[in-house]
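Structural characterization, general
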Amino acid sequence: MPSFFPKDYHPAMDKKQTEKAIKYVKDTFERELSGELKLSRVTSPLFVPKGSGINDDLNGIERPVRFEIGNLGNKEMEIVQSLAKWKRMALADLDFQAGTGLYTDMNAIRPDDDIDAIHSLYVDQWDWELVMGENCRNLDFLKQTVMKIYSAIRRSEFLVGEMFASCTPTLPENITFIHAEDAQKRYPDLTPPQREKVLAKEYGAIFLIGIGSPLADGVSQGGRAPDYDDWSTATDKGHVGLNGDIIVWDTVREDSLELSSMGIRVDRETLLRQLDIRSCPERADLYWHKRLLNGELPQTIGGGIGQSRLCMFLLHKAHIGEVQASVWPEEVLLEAKKESIYLM
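These numbers were taken from a predicted model, which means no experiment stands behind them. (Residues numbered from 1 in each chain as written. Predicted model: local features only at pLDDT ≥ 70, side-chain atom pairs only at ≥ 80, totals over all residues. Heavy atoms only, no water.)

In this section: the packing of helix 1 (residues 15-37) against helix 3 (residues 139-163). Put simply, helix 1 and helix 3 touch, their axes get as near as 9 Å, and they point 145° apart. Note on packing geometry: the crossing formed by helix 1 with helix 3 is right-handed. Residues Tyr24, Val25, Thr28, Phe29, Arg31, Glu32, Leu33, Glu36 and Leu37 of helix 1 form the contact with helix 3, whose participating residues are Thr145, Lys148, Ile149, Ser151, Ala152, Ile153, Arg155, Ser156, Leu159, Val160 and Met163. Tallied by class, residues from the contact of helix 1 with helix 3 come to eleven nonpolar, four polar and five charged. (Axes fitted to C-alpha atoms, helices over the stretch in contact; angles between N-to-C directions. Helix = DSSP H or I, 4+ residues; strand = E, 2+ residues; numbered from the N terminus. Left-handed = near helix turned anticlockwise from the far one by under 90°. Contact = heavy atoms within 4.5 Å. Nonpolar A, V, L, I, M, F, W, Y, C, P; charged D, E, K, R; others polar.)

Below you can see the structure in the form of structure tokens.
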């Protein structure tokens, strides 16, 4: 039977200390992120109406959890999968100005997700969205925003290390920007996950640009829905895509770990183009999409940052179940018990 935990791994914190550390990580990073990007905290929904176009389709194949509200004539609702489109609508409705934005606690259930050391059916992340100024729809602005987020992560890592002696910082001073097209040319014989692992190990922290558009071999670096990130616009660098993922090297698991996916959001032209590319032009008739096409939503940049993933990384945990409550296969639970590893 394969091992689900690194060889000779032993948690440096007990259960109670871990709970305190999780609270400290979340409080610290929220403060650092909101200050760096000028974000205000807002309240967000757990579920949205089915068929409104507000929920996210992620890679286009995941099934949202659905239920009916008996007291509203059995109206069908969906548990959110992320809040990428809802946030942009909230920025418009709350009249946020350029250079400011919002963040919120997003809790979701994704029944089709993998269940392993870094994936769970329960998803918790900081969803954030920022109103862009004039002439910001470019790669340089994307990179500037990434560097601000990375600075917030590194400051949080330092403060966590000061508070908990076992949490020694591992991140490099700077994050390295690499386009998925260049990564594919550099490692043509590797799969996208393998490329991420090699590059994360080499640099310590990377931002992989251009997620969603097919590369030279016909395979995209990762999946993106057609109606939130812009993954089809050509840049002045000769590449395609104004989005990407923040990926770090996890020294505990000795593997890459994606902490965030983000990007400049679609404008009217990009939305129509990407709906056509994905053969779903009918989505243009949905409520949210009509608002965008009618010019009612601001141009934004945004993304999600995994709360449990960041806690796992900063607290040097080997399994996401050490920092979040979810369900795990029986064989994982048995090995964890045998190795005295507490899964919530």
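Okay, the sheet that holds strand 2 (residues 47-49) next. Strand order in the open sheet formed by three strands is 2-4-3, with antiparallel pairing between adjacent strands. Unpaired on one side and paired on the other, strand 2 and strand 3 (66-69) mark the two borders of the sheet. Pairs of neighbouring strands in the sheet enclose a mean axial angle of 40°, with direction left out of account. Where strand 2 meets strand 4 (residues 75-79), three bridges bridge the pair, whose relative direction is antiparallel. Bridging across to strand 4, Pro49 finds its partner in Met77. (Pairing = 2+ DSSP bridges.)

In this model helix 5 (residues 192-203) runs 17 Å from its N-terminal to its C-terminal C-alpha over twelve residues, within 8% of the 16 Å that 1.5 Å per residue would give. Those residues of helix 5 not exposed but buried are Pro192, Arg195, Glu196, Leu199 and Ala200. In a view along the axis of helix 5, the buried residues occupy a sector of 125°, so they form one face of it. Facing away from the buried surface of helix 5 by more than 90 degrees, the exposed residues are Pro193 and Lys201. In the core, the buried residues of helix 5 are packed alongside strand 7 (176-179), helix 4 (180-186), strand 8 (205-209), strand 9 (243-250) and strand 10 (255-264). Following helix 5 by one or two positions, Gly204 has its phi on the positive side, about 90°. (Expected span 1.5 Å × (residues − 1). Buried < 20%, exposed > 50% of the residue type's maximum accessible area, 1.4 Å probe, protein only. Arc of directions from axis to C-beta.)

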